[in-house]
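Single-letter residue listing:
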Amino acid sequence: MLELLRVTKSYGPRALVRDLDLSVAPGEYIAVMGESGIGKSTLLNMVAGLEPIDAGDIRLDGVSVPALDEAGRVRLRRERIGFVFQAFHVLPHLTLAQNVALPLLLAGLGADEREARARELLGAVGLGARADGWPRELSGGELQRVAIARALVHRPRLLLADEPTGNLDPDTGASMLDLFETRLRASGAAAVLVTHSHEAARRCDRIVRLTRDGLVAA
Ligand SMILES: Nc1ncnc2c1ncn2[C@@H]1O[C@H](COP(=O)(O)OP(=O)(O)OP(=O)(O)O)[C@@H](O)[C@H]1O
């Protein structure tokens, strides 16, 4: 469902990734590990069409992401991708329920369904009682769980998650990985998880390591 074909990306004169190949099957979970600064976040951003590539191709369900125009990339993200950003990107002027419901608002769902699904997912990440609270009232780990709920609420085909358990204690982290399983894998959705956690990586079907020489099996 996701294919990276000889993807090359440079910042200035320095090639960050060169001729990168990766193939992710429906329902497959891939853990991407690798040293800090090697390009893992950039990899997720390229897949989501948030960062242009210099050469190669990225195909999601047969659609070439780099060939889309900006409107097409926005639509692809809204409809098919859930993204847990390393820095959360939870919007401070929206309540937690409104933050989580945002993908459903963009998808054109009615208010009642948006509300119900956002609250249900906040419950699933252990923040049901805080649904009407504000991001400024939350700890880092709680914000991370809001970001996870928002990435799952529209039932994406592909979850891209950048250190999704980085701010969580081991038990909470494990329960978030359980949630990915129950909400995504059952429907054939795939996931690419960037993680430094061997615990989280072990739960995936495959672990790859991003190195200066490209992606290698770990
Ligand atoms: N917009 C940009 N312009 C120039 N350089 C950038 C840009 N974005 C990222 N980089 C550089 O590309 C490299 C890879 O960054 P990236 O965030 O993808 O690494 P990472 O593997 O996710 O690191 P970490 O594990 O620390 O999050 C870094 O050296 C970073 O400074």
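The protein carries the name ABC transporter ATP-binding protein in an unreviewed UniProt entry, which gives Derxia gummosa DSM 723 as its organism.

## Comments concerning the packing of aromatic side chains
Summed over all chains, the structure comprises one aromatic pair. A ring pair is formed by Phe-83 and Phe-85, whose centres lie 4.0 Å apart and whose planes are at 5 degrees; its orientation type is stacked. Accessibility expressed as a relative area gives 10% for Phe-83, which makes it buried. In this structure, Arg-185 is placed above the aromatic ring of Tyr-29, and the distance from its NZ or CZ to the ring centre is 4.2 Å.

## Observations concerning the sheet that holds strand β4 (residues 55-60)
Reading across from one edge, β2-β1-β4-β5 is the order of the four strands in this open sheet, with antiparallel pairing throughout. Only two strands of the sheet have a single neighbouring strand rather than two, namely β2 (14-24) and β5 (63-64). Sheet topology places strand β1 (residues 2-11) next to β2; seven bridges connect them, and they run antiparallel. Paired with Val-7 across the two strands is Leu-20, which belongs to β2. In the packing of helix α1 (residues 40-47) onto the sheet, the strands contacted are β1, β2 and β4, and the crossing angle to β1 comes to about 120 degrees.

## Some remarks on the environment of Gln-86
Summarising the element assignment, Gln-86 is placed in the loop between β6 (81-84) and α3 (96-106). By relative accessible area, Gln-86 is classed as partly exposed at 47%. Separated by 131 residues in sequence, Gln-86 and Ala-217 have C-alpha atoms that sit 23 Å apart.

## Things to note about the UniProt feature "domain: ABC transporter" (unreviewed entry) in the protein
Cross-referencing UniProt, the feature "domain: ABC transporter" (unreviewed entry) maps to residues 2-218 in the present numbering. Between the end C-alpha atoms of residues 2-218 the distance is 20 Å, and the span holds 35% helix and 27% strand.

## Brief notes about the side chain of Asp-57
Looking at the element boundaries, Asp-57 is found in strand β4. Of note is the side chain of Asp-57, whose polar atom sits 2.7 Å from the side chain of Ser-64. Asp-57 has contacts with Glu-3, Leu-4, Leu-5, Val-7, Ser-64 and Pro-66, leaving out every residue within four places of it along the chain.

## Here's the deal with the sheet that holds strand β7 (residues 158-162)
Ordered by their spatial adjacency, six strands build an open sheet running β6-β7-β8-β3-β9-β10, and the pairing between neighbours is mixed. The strands lining the two open edges of the sheet, one partner per strand, are β6 and β10 (214-217). Going from strand to strand, the sheet's axes swing by 20 degrees on average, the running direction of each strand aside. The sheet contact formed by β7 and strand β8 (residues 190-194) spans five bridges and is parallel. Along β8, the bridge assignment pairs Leu-160 with Val-192. Here α1 sits on the sheet and contacts β3 (29-33), β6, β7, β8 and β9 (206-211); the angle it forms with β7, its principal contact strand, is near 155 degrees. Each of β6 and β7 touches helix α2 (residues 70-80); the most contacted strand, β6, lies at about 85 degrees to it.

Cut-offs applied
Per chain, the residues get numbers from 1 upward, laid out in the order the sequence is written. Predicted model: local features are reported for residues with pLDDT of at least 70 only, side-chain atom pairs are reported and counted for 80 or more only, and whole-chain, interface and lining totals are derived from all residues. Only hydrogens and water are set aside; all other atoms, that is, all heavy atoms of the structure, feed into the side-chain values. In this scheme Phe, Tyr and Trp rings, the latter by its six-membered ring, pair at centre separations within 6.5 Å, and the angle between planes marks the pair as stacked below 30 degrees, edge-to-face above 60, and tilted otherwise. When accessible area is computed with a 1.4 Å probe and restricted to protein chains, residues below 20% of their type maximum are described as buried, those above 50% as exposed, and intermediate ones as partly exposed. Geometrically, a charge over a ring is one whose NZ (Lys) or CZ (Arg) sits within 6 Å of the ring centre while staying within 35 degrees of the ring normal. Should DSSP find at least two bridges between two strands, the strands are taken to pair. Helix numbering and strand numbering both begin at the N terminus, where a helix is a DSSP run of H or I of at least 4 residues and a strand a DSSP run of E of at least 2. Whether two residues touch is decided by their heavy atoms; if any such pair falls within 4.5 Å, the residues are in contact. With axes taken as lines fitted to C-alpha atoms, and helix axes fitted only over the stretch in contact, angles between N-to-C directions fall between 0 and 180 degrees. UniProt positions are given in the numbering used here, feature names are shortened, and annotations may be inferred rather than shown by experiment. For this analysis, a polar contact is any N or O atom pair within 3.5 Å, provided that within protein one partner can donate a hydrogen and the other can accept it, and provided that sequence-adjacent residues contribute only side-chain to side-chain pairs.

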